[in-house]
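Architecture and fold: a report
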2 protein chains.
Amino acid sequence: MRKASSTNFSNEAELAAICPMHNVMKVLGGRWKIALLYFIHQGHNRFSLLQKKMPFITTKMLSQQLKELEQDELVLRKIYAEMPPRVEYSLTIKGQSLLPVLEDLYAWGELHTKS
Amino acid sequence: MRKASSTNFSNEAELAAICPMHNVMKVLGGRWKIALLYFIHQGHNRFSLLQKKMPFITTKMLSQQLKELEQDELVLRKIYAEMPPRVEYSLTIKGQSLLPVLEDLYAWGELHTKS
DNA sequence: TACTATAGTGTCAAAAAAGTAACTAATGAG
DNA sequence: CTCATTAGTTACTTTTTTGACACTATAGTA
């Protein structure tokens, strides 16, 4: 929904032109995206594993956020034709390329935000 | 049947414990925060100037986001006791310390997101 | 036959975020 | 006296996001 969303197109376009960071935030801004990238990176690569790691996120949200990450090509979704179904998530090259930047941001957070 | 973590608070706390990036995103995640930091950094340091730069943001949103940036100590708000009122915004040290990280993120965006 | 497991989807309702538009205060200009 | 200016605030409405929870499919197991 977010991608082709109903939000005023010209606003989005203008903002993207003015602040290209907006594109980045569209990709990373979701409430659980960064946590998901980390967990997938750590090898929690299946839906049920991610749910176990984050018991407070609903299945609907998890599915939604994963779908968006996949559409933004940060995460790869590999389906095995088995029963019960098996799906494995992993970071794409693009997803991996984000990790160092996120780590810098994380380091900033460590220094500058208190829990 | 443990209705675990039913309150907002425990969700936030749990999430912050699990993903400290969440704290960073709380500070930067707002729809216009990063753009605002950039513009203020560039010297568009007054309410009306910022509005001119971003004609699509409502006064309410602008005021709200600036207030949050101020509360998070990324932005300094200096009030001059004049009439008509004058208020000047600038980045705090903390706000400035964020710039290099944002630039890295920005560079990633340049490489990996298409406008 | 019933039950389990996986990986979700669909629908409706509630909550949160954002937009709209009117309003404020004090002063100088005309 | 009226208007313009700056930097917002407030009340109300609409839109968007999130939550709760029921439901699906298929094979294997008891």
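Residues numbered from 1 in each chain as written. Chains lettered and ligands numbered in written order. Predicted model: local features only at pLDDT ≥ 70, side-chain atom pairs only at ≥ 80, totals over all residues. Heavy atoms only, no water.

What to know about the overall build of chain A
Spelled out, the test is: Helix and strand labels come from DSSP, where a helix needs a run of H or I of at least four residues and a strand needs a run of E of at least two; each type is numbered from the N terminus. Residue exposure (1.4 Å probe, protein chains only): buried if accessible area is under 20% of the type maximum, exposed if over 50%, otherwise partly exposed. We call two residues in contact whenever any of their non-hydrogen atoms come within 4.5 Å of each other. We get accessible surface area from the Shrake-Rupley algorithm with a probe of 1.4 Å; when it comes to residues, only the shown protein chains can shield them.
Each helix and strand in chain A was counted, giving six helices and two strands. Listed N to C, the secondary structure of chain A is α-α-α-α-α-β-β-α in terms of helices and strands. Here chain A holds 115 residues, and the buried ones make up 41% of them. In chain A, once contacts between residues fewer than 6 apart in sequence are set aside, the share between residues at least 24 apart is 48%. With an accessible surface of roughly 6,600 Å², chain A has 57% of that area assigned to carbon and sulfur atoms.

Examining the nonpolar core
Nonpolar side chains tend to gather and get buried jointly when the protein is soluble and globular. Selection criterion: To form a nonpolar core, buried Ala, Val, Leu, Ile, Met, Phe, Trp, Tyr and Cys residues must be joined to one another through side-chain atoms within 4.5 Å.
Leu28(A), Leu37(A), Leu28(B) and Leu37(B) are the most contacted members of the largest nonpolar core, which totals 66 residues. Leave out the neighbours within four places in its chain, and Leu37(B) touches Leu28(B), Leu69(B), Leu74(B), Val75(B), Leu91(B), Leu98(B) and Leu102(B).

Describing the confidence of the model for chain A
Where we set the bar: Scored from 0 to 100, pLDDT records how confident the predictor is in each individual residue.
Residues at a pLDDT of 70 or more form 90% of chain A, whose mean pLDDT is 87. Taken together, the stretch residues 1–9 of chain A has pLDDT below 50 and engages in eight contacts with residues farther than four places along the chain or on a different chain.

Focus: the pattern of salt bridges
Residue and element names in this part refer to chain A. Note the threshold: By salt bridge we mean one thing: a side-chain nitrogen of Lys or Arg within 4 Å of a carboxyl oxygen of Asp or Glu.
Summed over the entire model, instances satisfying the criterion amount to eight salt bridges over all chains. With a shortest N-O distance of 3.0 Å, glutamate 82 and arginine 86 are connected by a salt bridge. The partly exposed category is assigned to glutamate 82, whose relative accessible area is 35%. Through salt bridges that share partners, Glu82, Arg86 and Glu88 make up one connected network.

Focus: the relation of the copies chain B and chain A
Mapping one chain copy onto the other needs a rotation about an axis and a shift along that axis. Under the convention used in this document: Least-squares fitting of one copy onto the other uses the C-alpha atoms of those residues that reach a pLDDT of at least 70 in both copies.
Note on the identical chains: chain B maps onto chain A by a rotation of 180° and an axial translation of 0.0 Å, with an RMSD of 0.1 Å. Taken together, the rotation angle and the small translation identify this as a two-fold axis. Closest approach to the rotation axis among the C-alpha atoms of chain B is made by Gly29(B), whose C-alpha sits 3.1 Å away.

Points about unusual backbone geometry
Residue and element names in this part refer to chain A. Residue proline 84 is bonded to the preceding methionine 83 through a cis peptide linkage, with omega at -5°. With respect to the secondary-structure elements, proline 84 resides in the loop between strand E1 (75–80) and strand E2 (86–91). One non-glycine residue, glutamate 73, adopts positive backbone phi at about 65°. Note that glutamate 73 resides in the loop between helix H5 (59–71) and E1.

A look at helix H6 (residues 93–112) of chain A
Definition in use: Multiplying 1.5 Å by the helix residue count minus one yields the expected span of that helix. Bend is the name given here to the angle between axes fitted to two runs of seven residues, the run ending at a residue and the run starting at it.
An ideal rise of 1.5 Å per residue puts 28 Å on 20 residues; H6(A) measures up with 30 Å between its terminal C-alpha atoms. Maximal helix bending in H6(A) amounts to about 30°, located at Pro100(A). Along H6(A), the residues that are buried comprise Lys94(A), Gly95(A), Leu98(A), Leu99(A), Val101(A), Leu102(A), Leu105(A), Trp108(A) and Gly109(A). Elements in contact with the buried residues of H6(A): helix H2 (21–28), helix H3 (33–41) and E2 of chain A together with helix H2 (21–28) and helix H6 (93–112) of chain B.

Focus: the protein's contact with DNA strand C
Our working rule: We define proximity as follows: a residue is near a molecule or strand when any one of its heavy atoms falls within 4 Å of that partner. Pairing of N or O atoms within 3.5 Å defines a polar contact, subject to two protein rules: one partner must be a possible hydrogen donor and the other a possible acceptor, and residues neighboring in sequence count only if both atoms are side-chain atoms. Classes in brief: Ala, Val, Leu, Ile, Met, Phe, Trp, Tyr, Cys and Pro nonpolar; Asp, Glu, Lys and Arg charged; the others, Gly included, polar.
The environment of DNA strand C is made up of 19 residues, and the closest members are Arg46(A), Ser63(A), Arg77(A), Tyr89(A) and Lys60(B). Protein-adjacent atoms of DNA strand C, using a 4 Å cutoff, are sugar or phosphate at a proportion of 69%. Separating a phosphate oxygen of DNA strand C from a side-chain N or O atom of Ser63(A) is a distance of 2.4 Å. Within the side chain of Lys67(A), a nitrogen or oxygen atom sits 3.1 Å from a phosphate oxygen of DNA strand C. Looking at the surface near DNA strand C element by element, the count peaks at four residues for H5(A). Per-class residue counts for the surface near DNA strand C are seven nonpolar, five polar and seven charged.

Quick look at the side chain of Lys94(A)
Relative to the assigned elements, Lys94(A) resides in helix H6. In terms of polar contacts, Lys94(A) uses its side chain to reach the backbone carbonyl oxygen of Asp72(A), at 3.1 Å.

Comments concerning the interface of chain B and chain A
Keep this limit in mind: Buried area: the sum, over both parts, of the accessible surface (1.4 Å probe) that disappears when the two are put together.
The interface is formed by 40 residues belonging to chain B together with 39 residues belonging to chain A. Regarding the contact of chain B and chain A, the summed buried area is about 3,600 Å², with carbon and sulfur atoms giving 76% of it. Our count for the chain B to chain A interface comes out at zero salt bridges. Counting the contacts that link chain B with chain A gives six residue pairs in polar contact (both at pLDDT 80 or more). When residues of the side of chain B that touches chain A are traced back to their parent elements, those giving at least two are helix H1 (8–18), H2, helix H3 (33–41) and H6 of chain B. Looking at the side of chain B that touches chain A, the element that brings in the most residues is H6(B), giving 12 residues. In the side of chain B that touches chain A, the residues fall into 22 nonpolar, 10 polar and eight charged.

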